Amino acid sequence: MFRSITLATFRSKRRPAVAWGAALAAFTLLTMWSNWRSEYPTEEARQRLAEQVEGGLAFVQVLFGEPERVDEFRGHLEWRGLGLHPLLLGLFMVMSATAVSRGAEERGELDLILTTPRSRSRIFIEQASGVALALLTACAFIWFAALVSGLVAGEPVPPPGLALLSIVNLGLVAALFGAIALLVAQLVRSRRAAATTVGAILVGSYLWSNLGLVAGSLEGWRWLSPFYLYSRSTPLADGQVSAWALGLLTALTLSCLAGAGLLFTRRDADAPASVPWPAFMKRASRGPGHGAGGTRLFGDSFQWGLRAALGQTLIWGLGAASFAALFAAVTPAIRRGFEDLSEAREAVAQFEFDLTSDAGIISALLFLVLPLLLCLFAATVTTAMASEEQSGRLELDLVYPVRRISYFLQRATAALLAVAVATALAASAFLVSAFLMDFDLDWARAILASVLLVLPPSIVVAFGYALAGWRPRLVTGGVATALAASFFYDLLAPALDLPGPLRKLSIFQLYGQPLLDGVRWVDMAVMLALVVAFLAVGAFKFERRDILK
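Cut-offs used in this document
- Residues numbered from 1 in each chain as written.
- Predicted model: local features only at pLDDT ≥ 70, side-chain atom pairs only at ≥ 80, totals over all residues.
- Heavy atoms only, no water.
- Helix = DSSP H or I, 4+ residues; strand = E, 2+ residues; numbered from the N terminus.
- Buried < 20%, exposed > 50% of the residue type's maximum accessible area, 1.4 Å probe, protein only.
- Contact = heavy atoms within 4.5 Å.
- Expected span 1.5 Å × (residues − 1).
- Bend = angle between axes of the 7 residues up to and from the residue.
- Core = buried A, V, L, I, M, F, W, Y, C linked by side-chain atoms within 4.5 Å.
- Patch = residues over 30% accessible without salt bridge, like charges linked within 9 Å, V, L, I, M, F, W, Y side chains within 5 Å.
- Areas by Shrake-Rupley, 256 points an atom, 1.4 Å probe, with all protein chains shown as cover.
- Salt bridge = Lys/Arg side-chain N within 4 Å of Asp/Glu carboxyl O.
- pLDDT = per-residue confidence, 0-100.
- Axes fitted to C-alpha atoms, helices over the stretch in contact; angles between N-to-C directions.
- Parallel < 35°, antiparallel > 145°, perpendicular 65-115°, else oblique.
- Left-handed = near helix turned anticlockwise from the far one by under 90°.
- Nonpolar A, V, L, I, M, F, W, Y, C, P; charged D, E, K, R; others polar.
- Phe/Tyr/Trp six-rings, centres within 6.5 Å; stacked < 30°, edge-to-face > 60°.
- Polar contact = N/O pair within 3.5 Å; in protein donor to acceptor, adjacent residues only side chain to side chain.

Digging into the overall build of the protein
Then step 1. Within the protein one finds 28 helices and zero strands.
Then step 2. Taking all 549 residues of the protein together, the buried fraction comes to 53%.
Then step 3. Long-range pairs, those at least 24 residues apart, make up 75% of the contacts in the protein with a sequence separation of at least 6.

Structure below.
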């Protein structure tokens, strides 16, 4: 094991790398088959798509980025087939980088590695190299899918060299956020805090760059996001490769790695690097138990979980609130673009709601992205108890005379409350912004849609705690895989023309469009039943199994 820390690190990440790479590759192939071959089978339909995404349907750029020659197969592949991959591959790198840095320290693995006759700088370089190998593995799957997508869509195979340049561009932006995660991991006390912080930066950067494509007031500030550098190169679409953008991405990645390595060599194991943080940031970064607390509410385990999630709750909640307010500000501009679209009726029929109204636009984009953001936050919250069990801290909690099922439910309740607080911040920002801008909304439906936003992330929390009660080692990978599958399924279900009951396999489909269609009480009851069922299964399993089994 110790002969090569690089290979040991890669072995620990090889299964997630293969799983993520295969999932992203499958998404590319399914997208090109269902989108290019089925939805846009003719040249006329493809030219119409190109006109729409540059005009009234420009809002889709918030999800998939800037379109280049989307009426041609290679441009469509780079925009639609690979459009979400920078965000998703970046999430994989954030999770992997924090797992081999702070995660290894929490599990006690670093103590063993430090006993070997290797310098700290060499250990850091080898760990980072192992993560880089995992990234290369995932990218290899995506590159192969890009080539095969030509056969799947009934088109010529894309040039391997141009496809490789596109994957290199994708890999560099993902590597940058992996390097940022390694840097942040040196400054905070836990893997969860590092992953949450960098995850919020990643999602915020992605949305900032893409919102600038549809909001003229933000276009001049897109350069603040690393994804702007990624968008400068479109090898598959038109052969455009920006050497300065690729070089700057590489330089930023190496700079973050150098800073992370320097801090790693100078700090104590299991402790954050010494940084003169402001007092409020020091209090927020302290682990639960560092401050005094009473035994009000549900007891110490509830307060422990709530204090542990406080910092990330505020970060994600305020981030989601900022996105909601920012999107509300650009909604009038998007509506005017739809009104100028000559083929608005066809667009309405395709998306099944009124794209020329405030309610339709908000439902089409804000209430598509906002549940995903809150679910991503919920996924980070679910790892708390599982990581404590693997690090040995859970055994200390269970020494106290409290029933296991009570402990489990109190921790799960704390996680659900954290999700509710973040959702309340985002929903309040949307409602206040919509009221101040005098949007034409059914306010009863708007309030209900905002309240019900808490259900999808609550299902994610309950599912994560069900896994934590059964097999804690599966929590991170299991929740991430299930969430990605649910989101991809939601995107692909309309294109695959699946019947209504099968579409409801996604939690995002269960949430639906309450702002337009009102509340579907049966679907809401199903979501509540899923929360209760997952928590019941988790509590039952947790009460009857041995710790770390």
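Now that the structure is up, let's keep going.
Concerning the environment of Val53
Then step 1. Summarising the element assignment, Val53 is placed in helix H2 (residues 43-54).
Then step 2. The class of Val53 is buried, set by a relative accessible area of 2%.
Then step 3. Along the backbone, Val53 and Glu66 are 13 residues apart, and their C-alpha atoms lie at a distance of 9.2 Å.

Here's the deal with helix H1 (residues 5-39)
Then step 1. Here H1 contains 35 residues, and its C-alpha end-to-end distance of 48 Å stays within 8% of the 51 Å for a straight helix at 1.5 Å per residue.
Then step 2. At Lys13, H1 shows its largest bend, some 50°, and a proline, Pro16, comes one to four positions later.

Topic: the nonpolar core
Then step 1. Ranked by internal contacts, the top residues of the largest apolar core, which has 155 residues, are Leu89, Ile362, Leu366, Phe367 and Phe430.
Then step 2. In terms of residue count, helix H18 (residues 358-381) provides more of this core than any other element does, 17 residues in total.
Then step 3. With residues up to four places along the chain from it excluded, the contact list for Leu89 reads Leu24, Leu135, Ala138, Cys139, Ile142, Leu170 and Ala174.

Overview of H18
Then step 1. Spanning 24 residues, H18 covers 33 Å between terminal C-alpha atoms, matching the ideal 34 Å at 1.5 Å per step.
Then step 2. At Leu366, H18 shows its largest kink, close to 30°.

Some thoughts on the side chain of Gln127
Then step 1. Tracing the chain through its elements places Gln127 in helix H8 (residues 120-152).
Then step 2. Filtering out sequence-adjacent residues up to four positions away, Gln127 remains in contact with Ile5, Thr9, Val100 and Ile113.

A short note on unusual backbone geometry
Then step 1. Not every positive phi belongs to a glycine, and Arg69 is a case in point at roughly 50°.
Then step 2. A positive phi is found at Asp438, a non-glycine position, where the angle reads about 55°.
Then step 3. Examined against the element boundaries, Asp438 turns out to sit in the loop between helix H21 (404-436) and helix H22 (443-451).
Then step 4. Of the residues examined, Asp438 reaches a relative accessible area of 66% and is grouped as exposed.

Some remarks on a nonpolar patch on the surface
Then step 1. A cluster of nonpolar side chains, namely Val432, Phe435, Leu436, Met437 and Trp443, defines an oily patch on the protein surface of about 530 Å² accessible area.
Then step 2. Element by element, the count of residues in the nonpolar patch is highest for H21, at three residues.
Then step 3. You can see Phe435 is positioned in helix H21.

Considerations on the confidence of the model for the protein
Then step 1. For the protein, mean pLDDT is 81; residues scoring 70 or higher make up 84% of the total.
Then step 2. Element-level mean pLDDT values for the protein span from 47 in helix H17 (residues 344-351) up to 93 in helix H9 (residues 160-185).
Then step 3. Every residue in residues 287-299 scores below 50 in pLDDT, and together they form 17 contacts with partners more than four places removed in sequence or on other chains.

Let's talk about the pattern of salt bridges
Then step 1. Applying the stated rule across the entire model yields nine salt bridges.
Then step 2. One salt bridge connects Glu66 with Arg232, and the closest N-O pair in it is separated by 3.3 Å. Of this pair, Glu66 sits in the loop between helix H3 (61-64) and helix H4 (73-81) while Arg232 sits in the loop between helix H12 (226-231) and helix H13 (235-238); the two residues are 166 residues apart in sequence, bridging distant segments of the chain.
Then step 3. The exposure class of Arg232 is partly exposed, given its relative accessible area of 24%.
Then step 4. The residue Glu105 makes a salt bridge to Arg267 at a minimum N-O spacing of 2.3 Å. Taken together, the residues Glu105 in helix H6 (residues 102-106) and Arg267 in the loop between helix H14 (243-266) and helix H15 (279-285) connect sequence positions 162 residues apart.
Then step 5. Connected through salt bridges with shared partners, the residues Glu66, Arg222 and Arg232 form a single ionic network.

Remarks on the packing of helix H5 (residues 85-100) against H8
Then step 1. Where H5 meets H8, the axes come as close as 10 Å, and the angle between the chain directions of the two elements is 155°. Here H5 lies roughly antiparallel to H8, going by the angle between them. Note on packing geometry: the crossing formed by H5 with H8 is right-handed. Residues His85, Leu89, Phe92, Met93, Ser96, Ala97 and Val100 of H5 form the contact with H8, whose participating residues are Gln127, Val131, Ala134, Leu135, Ala138, Cys139 and Ile142.
Then step 2. Here the contact of H5 with H8 is composed, by residue class, of 11 nonpolar, three polar and no charged.

Observations regarding the packing of aromatic side chains
Then step 1. With the rule as written, the count across this model stands at 15 aromatic pairs.
Then step 2. Relative to Trp79, the ring of Phe64 lies with its centre 5.7 Å away and its plane at 65°, an arrangement referred to as edge-to-face. Here the residue Phe64 occupies a position in helix H3, and Trp79 occupies one in helix H4, the gap between them amounting to 15 residues.
Then step 3. Taken together, a centroid distance of 5.8 Å and an interplanar angle of 80° make the contact between Phe408 and Tyr465 edge-to-face. With Phe408 in helix H21 and Tyr465 in helix H23 (residues 455-470), this residue pair connects regions lying 57 residues apart in the sequence.

Quick look at the environment of Gln47
Then step 1. Among the structural elements, Gln47 can be located in helix H2.
Then step 2. Residue classification places Gln47 among the partly exposed residues on the basis of a relative accessible area of 40%.

Brief notes about the side chain of Ser101
Then step 1. Here Ser101 shows up in the loop between H5 and H6.
Then step 2. Residue classification places Ser101 among the buried residues on the basis of a relative accessible area of 8%.
Then step 3. Among the polar contacts made by the side chain of Ser101, one reaches the main-chain carbonyl oxygen of Ala97 at a distance of 2.7 Å.

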